[in-house]
Amino acid sequence: MSGKILVIDDEKTIRWSLGEALKNQGYEVDEAENGTEGVKKFMEDPADLVVLDLKLPDKSGIEVLRMLREEDPALPVIMMTAYGEVETAVEAIKGGAYDFLLKPFQLEKMKVSIKNALESSRLKSELDGIRKKERDTYNFRNFIGKSHLMNEVFRKVTKIGESRASTILIQGESGTGKELVARAIHESSRGVDQPFMEINCAALPENLLESELFGHEKGAFTDAKFKKKGLFELAEGGTIFLDEIGEMGITLQSRLLRVLENKTFRRVGGVNDLKVSTRIIAATNRDLLKAIQEGNFRSDLYYRLQVIPIYLPPLRDRKEDIPLLANHFIDFFNREFKKKIKKTSPEVEARLQAYSWPGNVRELRNVIERAILLEAEDELLPEHIPVEMDADEAENGGAASGNDMRGVYPMSIRDMEKLLICRTLDETDGNKSKAARILGISRQTLREKTKLYEMD
Ligand SMILES: Nc1ncnc2c1ncn2[C@@H]1O[C@H](COP(=O)(O)OP(=O)(O)OP(=O)(O)O)[C@@H](O)[C@H]1O
Ligand SMILES: [Mg+2]
């Protein structure tokens, strides 16, 4: 338990006993013996939660409550009242108190109330934070790309957002923008005001991951002292983003598969079926087909997730996006570091284009950030782009693997055709006659296909 609690009560024994009990639980505790002192202490060093007596020598508890919540409108306050003051207690709840307890109260009840109040206030501020961050960082304005390949991704994202599609699998190398896409889908969907909950499947051991996802009942296992909601419940109506799904343990994969199929789940140790009402977006940079062959990923789960696949092409396959992205990041870091670096020059662009970007957009972003922060005065020069890049350029003969299809499959023939057409159009700057010639089909056929795939 962590957090700072301020106890405001004129009864010394209560301040003392409550203080001791809470300190034992790991909280930091401060106390005040009247309203004026309490408010003063709070202004000097705000607490995360206040336990407040309704009857104080100098001010009424209601008045103190009002003053505290003026300072911090989200502050959880637990009121204590003696028997016979129940009407005022109702007034306190209306004034925004989280809970009230009758004196003399059981210590155990107080502890539970404090724990719940802190948890819900933390969750709320976390959600507010996440939503704000989403709005600031993740929308189409910040989702850059003009290549056919990326247009195809944008189109798909918008379509999925408008649809009721419930399971989406995003694949692509590291740094290609999988998380960005997951958030963009959430942003463009109806549940946009609902939470976006993200969990990294590689970060937790299997049993912890399970209770994070599905929650648990009180007593389900040794440490389960309280009932806990999982992400499937917390994200109700919104989106769950299962990042690095390829790292999920095989047992939990089975459980997830059942949940996806039945659209219901149970808390760990629970007996009630709860309905799944969230969109599930999974992402991985791992080759799942290979993982299946090696026995590390369930093929049935793969096909269940793969209903709507999104493939993010590596940056080396959409080089026309590089200058656009570079200038986007220059703008961004200009703002961040209060600089005024000009847009990229043709020399810098040539250098950026010649590299194969194994770390994809993230690597490009990092290179620009470092150059702006450490080097550039008012213009980015080729020498600001780290030298190691030359070796790579030589190795790849400059034409860094433009036609490399590694990492593209698994995909359907239809998607493959789309991809092929996209790449050829990118290659020919959108010139359809040229593209048709390269593809060995008539202009007419190409026109039909671009129409069919809504590529125009
Ligand atoms: N099309 C894009 N436009 C603007 N920024 C992008 C684009 N694609 C990726 N980025 C930026 O590149 C960085 C990496 O993207 P993101 O975290 O989404 O990659 P990822 O595919 O999830 O990578 P990993 O597999 O390593 O988790 C982020 O800072 C993201 O904002
Ligand atoms: Mg990621």
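The model shown is predicted, which means the values in this text are computed figures rather than measured ones.

K.L.:
Would you mind showing me how to read the environment of asparagine 366 here?
P.N.:
Looking at where asparagine 366 falls in the secondary structure, it is placed in helix α15 (residues 360-375). Each C-alpha atom of the pair asparagine 366 and arginine 318 lies 18 Å from the other, and the pair is 48 residues apart in sequence.

K.L.:
Before we go on, may I ask you to explain the layout of surface pockets in this structure?
P.N.:
Where empty space is left can be seen by rolling a probe of water-molecule size over the atoms. Within this model, the largest pocket holds a volume of roughly 1000 Å³. Forming the boundary of the largest pocket are 35 residues, of which Lys115, Glu119, Lys227, Lys228 and Lys229 lie nearest the centre. Among the elements of the structure, α5 (107-137), β7 (196-200), α8 (206-214) and α9 (231-234) are those that each provide at least two residues to the lining of the largest pocket. No other element matches α5, which puts 12 residues into the lining of the largest pocket. Looking at the lining of the largest pocket residue by residue, the class counts come to 16 nonpolar, five polar and 14 charged.

K.L.:
I'm lost on the sheet that holds strand β3 (residues 49-53) in this one. Help?
P.N.:
Adjacent strands of a sheet pair through backbone hydrogen bonds, lying either parallel or antiparallel. With respect to topology, five strands assemble into an open sheet ordered β2-β1-β3-β4-β5, the strand pairing being parallel. Edge positions in the sheet fall to β2 (28-32) and β5 (99-103), since each of these pairs with one other strand and no more. With direction set aside, neighbouring strand axes in the sheet form an average angle of 20°. By the bridge criterion, five bridges tie strand β1 (residues 4-8) to β2 in an arrangement that is parallel. Residue pairing in the sheet places isoleucine 8 in a bridge with alanine 32 of β2.

K.L.:
Help me understand α8 in this model?
P.N.:
Given 3.6 residues to a turn, an α-helix orients residues that are three or four positions apart in the same direction. Those residues of α8 not exposed but buried are Leu209, Ser211, Leu213 and Phe214. Of the residues flanking the end of α8, it is glycine 215, one or two places downstream, whose phi is positive at about 80°.

K.L.:
So what exactly am I meant to see when it comes to the packing of helix α2 (residues 35-44) against helix α3 (residues 61-71) here?
P.N.:
For any two helices packed against each other, the geometry comes down to the angle between their axes and how far apart the axes lie. Remark: α2 packs on α3, axes separated minimally by 10 Å, with the N-to-C direction vectors making an angle of 10°. Taken together, the axes of α2 and α3 are roughly parallel relative to one another. Two secondary-structure elements touch here, α2 through Gly35, Val39, Phe42 and Met43 and α3 through Val64, Met67, Leu68 and Glu71.

K.L.:
Sorry, what's going on with the pairing of β1 here?
P.N.:
Along a regular strand, successive side chains alternate from one face of the sheet to the other. Judged by how many residues are buried, β1 sits mostly within the fold: five of five residues are covered. Residues Lys4, Leu6 and Ile8 point to one face of β1 and Ile5 and Val7 to the other, with burial holding for every one of them. Taking the sense of rotation as the criterion, the β-α-β connection linking β1, helix α1 (residues 12-24) and β2 turns out right-handed.

K.L.:
What exactly am I supposed to notice about the site of ligand 1 here?
P.N.:
Close to ligand 1 lie 17 residues, the nearest being Ile144, Ser174, Gly175, Lys178 and Arg362. Interatomic distance of 3.3 Å between a side-chain N/O atom of asparagine 285 and an oxygen atom of ligand 1. For ligand 1, the protein covers 87% of the area, taking 630 Å² as the surface of the free molecule. Breaking the shell around ligand 1 down by element, the ones donating at least two residues are α7 (178-187), α13 (321-337) and α15. Each residue belonging to the shell around ligand 1 can be placed in one class, and the counts come to six nonpolar, six polar and five charged.

K.L.:
Whenever I open this one, the domain arrangement of the protein chain confuses me. Can you help?
P.N.:
A common way to state how big an interface is: give the accessible area lost once the parts meet. In terms of domains, the protein chain is made up of domain 1 (4-125), domain 2 (138-312), domain 3 (324-395) and domain 4 (413-452). Here the C-alpha centroids of domain 1 and domain 2 sit 39 Å apart.

K.L.:
Looking at this structure, how should I read the packing of aromatic side chains?
P.N.:
What characterises a pair of aromatic rings is the spacing of the ring centres plus the angle enclosed by the ring planes. The tally for this structure, following the rule as stated, stands at nine aromatic pairs. Taken together, a centroid distance of 6.0 Å and an interplanar angle of 35° make the contact between phenylalanine 196 and phenylalanine 241 tilted. Note that phenylalanine 196 is positioned in strand β7 and phenylalanine 241 in strand β8 (residues 239-243), a separation of 45 residues in sequence. Owing to a relative accessible area of 2%, phenylalanine 196 belongs among the buried residues under this scheme. For the pair phenylalanine 232 and phenylalanine 265, a centre-to-centre distance of 5.6 Å together with 45° between the ring planes defines the contact as tilted. Note that phenylalanine 232 is positioned in helix α9 and phenylalanine 265 in strand β9 (residues 264-265), a separation of 33 residues in sequence.

K.L.:
Explanation requested: the sheet that holds strand β12 (residues 308-312) in the structure shown.
P.N.:
Here five strands make up an open sheet; going across it, the order is β7-β8-β11-β6-β12 and the pairing parallel. Sheet topology places β7 and β12 at the edges, where each strand pairs with a single neighbour. With direction set aside, neighbouring strand axes in the sheet form an average angle of 20°. As defined by bridge partners, strand β6 (residues 167-172) adjoins strand β11 (residues 279-284) across five bridges and the pair is classed as parallel. Each residue of the ladder has a partner; that of isoleucine 170, found in β11, is alanine 283.

K.L.:
Would you explain the side chain of aspartate 53 in this entry?
P.N.:
Examined against the element boundaries, aspartate 53 turns out to sit in strand β3. In this structure aspartate 53 comes out as buried when scored by relative accessible area, which is 4%. Here the side chain of aspartate 53 touches lysine 103 through a polar contact of 3.3 Å, side chain to side chain. Beyond its immediate sequence surroundings of up to four residues, aspartate 53 is in contact with Ile8, Asp9, Asp10, Gly61, Met80 and Lys103.

The rules behind these values
Residues numbered from 1 in each chain as written. Chains lettered and ligands numbered in written order. Predicted model: local features only at pLDDT ≥ 70, side-chain atom pairs only at ≥ 80, totals over all residues. Heavy atoms only, no water. Helix = DSSP H or I, 4+ residues; strand = E, 2+ residues; numbered from the N terminus. 1 Å grid on protein atoms, 1.4 Å probe; cavity = no way out; pocket = protein on both sides within 12 Å on 5 of 7 lines; lining within 4 Å. Points joined across faces, edges and corners; volume = space filled by probe spheres on them. Nonpolar A, V, L, I, M, F, W, Y, C, P; charged D, E, K, R; others polar. Pairing = 2+ DSSP bridges. Axes fitted to C-alpha atoms, helices over the stretch in contact; angles between N-to-C directions. Buried < 20%, exposed > 50% of the residue type's maximum accessible area, 1.4 Å probe, protein only. Parallel < 35°, antiparallel > 145°, perpendicular 65-115°, else oblique. Contact = heavy atoms within 4.5 Å. Right-handed = clockwise from strand over helix to strand, strands pointing away. Near = heavy atom within 4 Å. Polar contact = N/O pair within 3.5 Å; in protein donor to acceptor, adjacent residues only side chain to side chain. Areas by Shrake-Rupley, 256 points an atom, 1.4 Å probe, with all protein chains shown as cover. Domains from an automatic or database assignment. Phe/Tyr/Trp six-rings, centres within 6.5 Å; stacked < 30°, edge-to-face > 60°.

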